[in-house]
Amino acid sequence: MKNKHNFSRLKSAIFDAKSGGRAALLRKAVAPVTRQIDSVLSSKHKLRFDGLPKCVLICCPPRVGSTFIYQVLTRIIPCAYVANIHQLAPRLGSGLFPQNKAHTQRLSNFVSFYGHTRDLWDVNEGNNFLNYWFKDDIPLNIRHRFYETLFWLGASSDVPAIIKNVSVYERLSELHRAVPELLFIRIVRDPQTSIESSLRAYK
């Protein structure tokens, strides 16, 4: 049954060109290669230690509307955020196609496919960043890697960062110990509505 469901979702993504399913599959396929290139090209870039930028992490379980909220916030607040371009080039992505970023932030279209969006500068869960933060369980190392990702995103003392990830939900205490300055925003939704949304997505 699970394999059947996964195949059904894969088929839906392949034929979904509007809301982001097909684009998400393409990014997942090419990201291992583009991230290697990104790592090599960015090897000479030095990290600037000028204080931890202000940062907010949106955390919640799935199917509560967090992607929509993330899209709205990043389009009305001047901020650094995790975009699809950072899935492909986490270190150098912020400097690529800035005109596309400006265009995306003016969009009124807030569609997504299970949290995946289409445009390069639309929001992204940033699971590759999450995996990078928790390469080990040492708080000082987690803090350093978290700081690195804020630098990659373009956050600074004048530009706060907004990050959203549903997979980090079970590791919030570890992240708080490593980065106590980090502010958390918890999104809640009526449980029945969330369950109904999950059932609709499953069907």
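Residues numbered from 1 in each chain as written. Predicted model: local features only at pLDDT ≥ 70, side-chain atom pairs only at ≥ 80, totals over all residues. Heavy atoms only, no water.

(A) Structural context of the overall build of the protein. Helix and strand counts for the protein come out as nine helices and four strands. N-terminal to C-terminal, the α/β element order of the protein is α-α-β-α-β-α-α-α-α-β-α-β-α. Split into buried and exposed, the 203 residues of the protein put 39% on the buried side. Sequence separation of 24 or more characterises 81% of the internal contacts of the protein that already satisfy a separation of 6 or more. (Helix = DSSP H or I, 4+ residues; strand = E, 2+ residues; numbered from the N terminus. Buried < 20%, exposed > 50% of the residue type's maximum accessible area, 1.4 Å probe, protein only. Contact = heavy atoms within 4.5 Å.)

(B) How the structure looks around the pattern of salt bridges. Counting across every chain of the model gives eight salt bridges. Note that Asp119 is salt-bridged to Arg118, the shortest N-O span being 4.0 Å. Judged by its relative accessible area of 23%, Asp119 falls in the partly exposed class. Between Glu174 and Arg171 there is a salt bridge, and its shortest N-O distance comes to 3.0 Å. On the basis of relative accessible area, Arg171 is assigned to the partly exposed category, the value being 26%. Connected through salt bridges with shared partners, the residues Asp137, Arg171 and Glu174 form a single ionic network. (Salt bridge = Lys/Arg side-chain N within 4 Å of Asp/Glu carboxyl O.)

(C) Broad picture of the pairing of strand β3 (residues 161-164). Side chains of β3 alternate between two faces, with Ala161 and Ile163 and Ile162 and Lys164 buried alike. The sheet contact formed by strand β1 (residues 55-59) and β3 spans four bridges and is parallel. Pairing of Cys55 across the sheet is with Ala161, part of β3. By the bridge criterion, two bridges tie strand β2 (residues 80-81) to β3 in an arrangement that is parallel. Each residue of the ladder has a partner; that of Ala80, found in β3, is Ala161. (Pairing = 2+ DSSP bridges.)

(D) Region of the structure containing the confidence of the model for the protein. This prediction gives the protein a mean pLDDT of 86; 85% of its residues lie at or above 70. Across the protein, helix α4 (residues 84-88) holds the top mean pLDDT of 97, while helix α1 (residues 2-14) sits lowest at 53. (pLDDT = per-residue confidence, 0-100.)

(E) A look at the sheet that holds β2. Across the sheet, four strands lie side by side as β2-β3-β1-β4; this open sheet has parallel pairing. Strands with a single pairing partner mark the edges of an open sheet, and in this sheet they are β2 and β4 (183-186). Of the strand pairs in this sheet, β1 and β4 are connected by four bridges, and their pairing is parallel. From the neighbouring strand, Leu57 faces β4, where its bridge partner is Phe184. With respect to the sheet, helix α3 (residues 66-76) is in contact with β1, β2 and β3, its orientation differing from that of β3 by roughly 165 degrees. Where helix α7 (residues 139-153) meets the sheet, it contacts β1, β2 and β3, and its direction lies at approximately 115 degrees from that of β3. (Axes fitted to C-alpha atoms, helices over the stretch in contact; angles between N-to-C directions.)

(F) Main features of the packing of aromatic side chains. The full count for this structure, using the stated rule, is six aromatic pairs. For the ring pair Phe68 and Phe110, a centre distance of 5.3 Å and an interplane angle of 75 degrees mean the geometry is edge-to-face. With Phe68 in helix α3 and Phe110 in the loop between α5 (98-104) and α6 (127-133), this residue pair connects regions lying 42 residues apart in the sequence. Looking at Phe68, the relative accessible area reads 46%, which means it is partly exposed. On the basis of relative accessibility, which here comes to 28%, the residue Phe110 falls in the partly exposed class. Look at Phe113 and Tyr114: their rings are 4.8 Å apart centre to centre, the planes differ by 80 degrees, and that puts the pair in the edge-to-face class. Relative accessible area serves as the criterion here: at 12%, Phe113 is assigned to the buried category. An aromatic cluster is built from Phe129, Tyr132 and Trp152, whose rings are joined through pairwise contacts. Directly above the aromatic system of Phe134 lies the positively charged group of Arg171, at a separation of 4.1 Å from the ring centroid. (Phe/Tyr/Trp six-rings, centres within 6.5 Å; stacked < 30°, edge-to-face > 60°. Lys NZ or Arg CZ within 6 Å of the ring centre and 35° of its normal.)

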